[in-house]
Amino acid sequence: MDKSIVLKILRDAFRIDRVRYPESRVLTVAHDNDRSLLHNGRWYSPLVDTMEDDLRLRDLRCASIARIISRIKGDVAYGNVMSPEGAFARALLVKRLSSRFSGGVYPYSAMEEKIWGHILDETGARKVFGIQPSREMCVACHKRGVWVADVQHGVIGESHPWYGIRFRGEDPKEWLPDAFVVWDAGSAAVIDRWAAAKGIETIVTGNRWVARFLKRAPHDRLVEELFATYGDRLAAPTGMKSILITLSWGNENIPNGFLPDALCDIIRSTQGRYDWKVRLHPNQLSGFATHEGQRFNQFFEKHLKGLVEWEAATRAPLPVVLAQTDLHLSWASSVAIEAAQCGIRSGLMEPALRDPNKFGDYYTYYRNRGMIDFLEPTQDGIIDWISANLDSRQAPEAFGAYDQAYARLLDFLAN
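What counts, and where the lines are drawn
Here, residues in each chain are numbered from 1, in the same order as that chain's written sequence. Restriction of local features to residues with pLDDT of at least 70 applies here, the model being predicted, together with a cutoff of 80 or more for giving and counting side-chain atom pairs; totals for whole chains, interfaces and linings are based on all residues. Note that water and hydrogens are dropped before the side-chain values are worked out from all heavy atoms of the structure. Secondary structure elements are defined from DSSP: runs of H or I of at least 4 residues count as helices, runs of E of at least 2 residues count as strands, and each element is numbered from the N terminus. For the radius of gyration, the atoms used are the C-alpha atoms, and the globule rule reads 2.2 Å times the number of residues raised to 0.38. Each residue gets one of three labels from its accessible area relative to the maximum for its type: buried under 20%, exposed over 50%, partly exposed in between, using a 1.4 Å probe on protein chains only. Neither His nor the chain ends contribute to the count of charged residues, in which Lys and Arg are positive and Asp and Glu negative. Every charge is mapped onto a representative atom, which is NZ of Lys, CZ of Arg, CG of Asp or CD of Glu. Aromatic pairs are defined between Phe, Tyr and Trp rings, using the six-membered ring for Trp, whenever the two ring centres lie within 6.5 Å; interplanar angles under 30 degrees are classed as stacked, those over 60 as edge-to-face, and all others as tilted. In this analysis the charged atom, NZ for Lys or CZ for Arg, is taken to sit over a ring once it is within 6 Å of the ring centre and within 35 degrees of the ring normal. Here a polar contact is recorded for every N or O atom pair within 3.5 Å, except that within protein the pair must consist of a potential hydrogen donor and a potential acceptor, and residues adjacent in sequence are included only if both atoms are side-chain atoms. Only heavy atoms matter for contacts: two residues are in contact if any of them lie within 4.5 Å across the pair. A pair of strands is labelled paired if DSSP reports no fewer than 2 bridges between them. Consider the strands pointing away from the viewer: the crossover is right-handed when the path from the first strand over the helix to the second runs clockwise. In this analysis an axis means a line fitted to C-alpha atoms, helices contributing only their contacting stretch, and an angle means the value between N-to-C directions, from 0 to 180 degrees. Take the buried Ala, Val, Leu, Ile, Met, Phe, Trp, Tyr and Cys residues and link them wherever side-chain atoms come within 4.5 Å; each set so joined is a nonpolar core.

J.: Quick one: what's the story with the overall build of the protein, residue by residue and with numbers?
T.: The helix and strand inventory of the protein stands at 18 helices and 14 strands. Expected size for 415 residues packed as a compact globule is a radius of gyration near 22 Å; at 21 Å, the protein falls within 12% of this value. C-alpha extents for the protein along the principal axes are approximately 60 × 50 × 45 Å. Counting every position in the protein, which comprises 415 residues, the buried fraction comes to 58%. Charged side chains of the protein number 52 positive and 52 negative; the gap between the two group centres comes to 4 Å.

Structure below.
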């Protein structure tokens with residue numbers, strides 16, 4: 001964990017919270033790395049704030065809670081974002097201490113449940129959605145008859161500790177949300193395997209941030225402003241194919257921490273043939289891996305300067321970047337799912353993805369649809385894959401059924 005985050009937790013543990021929670025029928029939850037887009041001086045959550053914007057069109061304004069260890073709230077956040085930082089920090093420290101003596105059993109935090117209960121009581125919220133609502137939050141919601149949903153924000157697989165049956169299948173229902181809002185049928189199948197028997201719903205809506213940019217509705221000023229701001233900066237030189245590389249964080253099995261050496265060599269040898277872009281992970285900008293983001297500058301200067309564009313590709317919203325992309329490469333990023341929904345093929349190089357005893361079940365749905373491949377991180381393997389797939393871009397996935405399911409969800413939340 002980044003040292004600055006550890007220091008923040010320790011400082012917050014002594015903080016006295018003076019948060020006034022406004023009345024709101026709907027409450028949302030996100031972390032700093034979920035609020036990854038900086039626009040007009042405020043941090044925007046592509047997934048959660050998109051849903052809030054759509055509810056605002058139905059005359060419903062939400063209140064939002066920044067999850068534990070978050071910094072983005074108040075005037076620097078796009079929505080009405082608050083956080084009881086002191087209470088959250090104290091609950092987290094006690095929870096971490098309890099985990100050392102729990103014998104592998106989840107260290108359920110009554111302190112955290114009480115915090116969420118207070119927030120729900122103060123706001124009067126009747127519905128909640130957000131990124132990975134905790135077990136304690138779900139319990140607080142169920143005790144009050146409040147509907148709560150988990151909104152997908154990345155890969156969902158059997159071996160994922162938040163979604164797989166061997167991790168969550170034995171959780172009591174009160175620890176779980178009422179629904180999972182997911183991007184595709186493959187993600188829904190993973191959840192349904194254990195959640196359907198508990199009466200938990202999966203709602204397949206597609207990635208709504210991607211859908212928003214594919215649709216480009218004339219009234220959506222944010223989308224038009226972002227295309228105007230970044231579109232030209234991301235355009236490839238005439239006649240040149242554009243390849244996007246997305247970084248994932250915490251990659252201890254890459255010697256330099258960012259890109260396999262073979263890929264760096266390919267970038268150098270193909271300068272002028274392909275338009276290369278690199279996009280940092282949100283966690284490397286604001287989250288558990290900000291130290292990696294700081295270290296990337298040194299890596300760039302030493303290995304990639306003059307060969308790739310990374311600042312606009314990192315700061316721009318992902319769908320705008322994908323609109324200018326022909327192929328996508330990554331060690332392990334779930335951007336592969338969003339790329340697939342935009343009609344772009346991805347190659348992922350993490351060896352654990354090819355290991356059935358580790359993460360071999362990840363991305364099965366889009367692998368079967370021919371949109372995601374697992375690659376050996378060697379020069380020959382990567383070059384052969386690029387050559388075979390340069391012209392593979394196709395029309396975006398059909399969102400008609402997704403849009404209908406999403407409209408029903410919004411109606412439910414707004415009523």
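J.: With reference to specific residues and values, describe the packing of aromatic side chains.
T.: Tallied over the entire structure, the rule returns 21 aromatic pairs. Their ring planes at 75° and their centres at 5.4 Å tell us that F258 and F296 sit as a pair that is edge-to-face. Residue F258 is found in the loop between β10 (241-246) and α10 (261-269), and its partner F296 is found in helix α12 (residues 290-304); the two are separated by 38 residues along the sequence. These aromatic residues form a ring-pair network of at least three members: Y44, Y78, W209, F213 and F227. The ring of Y106 is capped by R135, whose NZ or CZ atom sits 4.3 Å from the centre of that ring. In this structure, R216 packs its charged tip against the face of F227, placed 3.9 Å from the ring centre.

J.: A description of helix α8 (residues 208-215) should follow, citing residues and the corresponding values.
T.: Most of α8 sits inside the fold, with six of its eight residues counted as buried. Two to three positions downstream of the cap, the backbone nitrogen of W209 sits 3.0 Å from a side-chain oxygen, assigning the N-cap of α8 to N207.

J.: How would you summarise the environment of F129 if you had to cite specific residues and measurements?
T.: Assignment of secondary structure puts F129 in strand β6 (residues 127-130). Taking the C-alpha atoms as reference points, F129 and K277, separated by 148 residues in sequence, lie 33 Å from one another. What F129 contacts, discounting residues up to four positions off in sequence, is V26, L27, T28, V29, V48, M51, E52, L55, A149, V151 and L413.

J.: Go over the pairing of β6, please, and point to the residues and values.
T.: Here β6 shows a buried face lined by K127 and F129 and a second buried face lined by V128 and G130. As paired strands, β6 and strand β7 (residues 147-151) are joined by four bridges and run parallel to one another. If you follow G130 over to β7, its bridge partner there is D150. The parallel pair β6 and β7, bridged by helix α5 (residues 135-143), forms a crossover whose chirality is right-handed.

J.: Go over the side chain of H39 with me, naming the residues and quoting the values.
T.: Along the polypeptide, H39 turns up in strand β2 (residues 37-39). A distance of 3.3 Å separates polar atoms of two side chains, one belonging to H39 and the other to N40. Dropping the residues within four chain positions of it, H39 is found in contact with L222, E225 and L226.

J.: Now, about the sheet that holds strand β9 (residues 201-204): what can you tell me, with residues and values included?
T.: Each strand in a sheet pairs with another by means of backbone hydrogen bonds, the pair being arranged parallel or else antiparallel. Strand order in this open sheet of seven strands is β5-β4-β1-β6-β7-β8-β9, and the pairing throughout is parallel. Of all strands in the sheet, those with a lone pairing partner are β5 (81-82) and β9, marking the two edges. The pairing of β7 with strand β8 (residues 179-182) spans three bridges and is classified as parallel. If you follow D150 over to β8, its bridge partner there is F180. Together, β1 (26-30), β6, β7, β8 and β9 form the strand contacts of helix α18 (residues 400-414), whose direction differs from that of β9 by roughly 125°.

J.: Before we move on, could you go through the nonpolar core and cite the residues and values that matter?
T.: Counting 60 residues, the largest nonpolar core has L55, F129, W209, L234, Y363 and L409 as the members making the most contacts within it. Leaving out residues up to four positions away in the same chain, Y363 has contacts with V155, A332, S333, S334, A336, I337, L348, L353, I372 and F374. Grouped together as the second largest cluster of nonpolar side chains are 31 residues, L259, L263, L329 and I382 included.

By themselves these figures say nothing about function.
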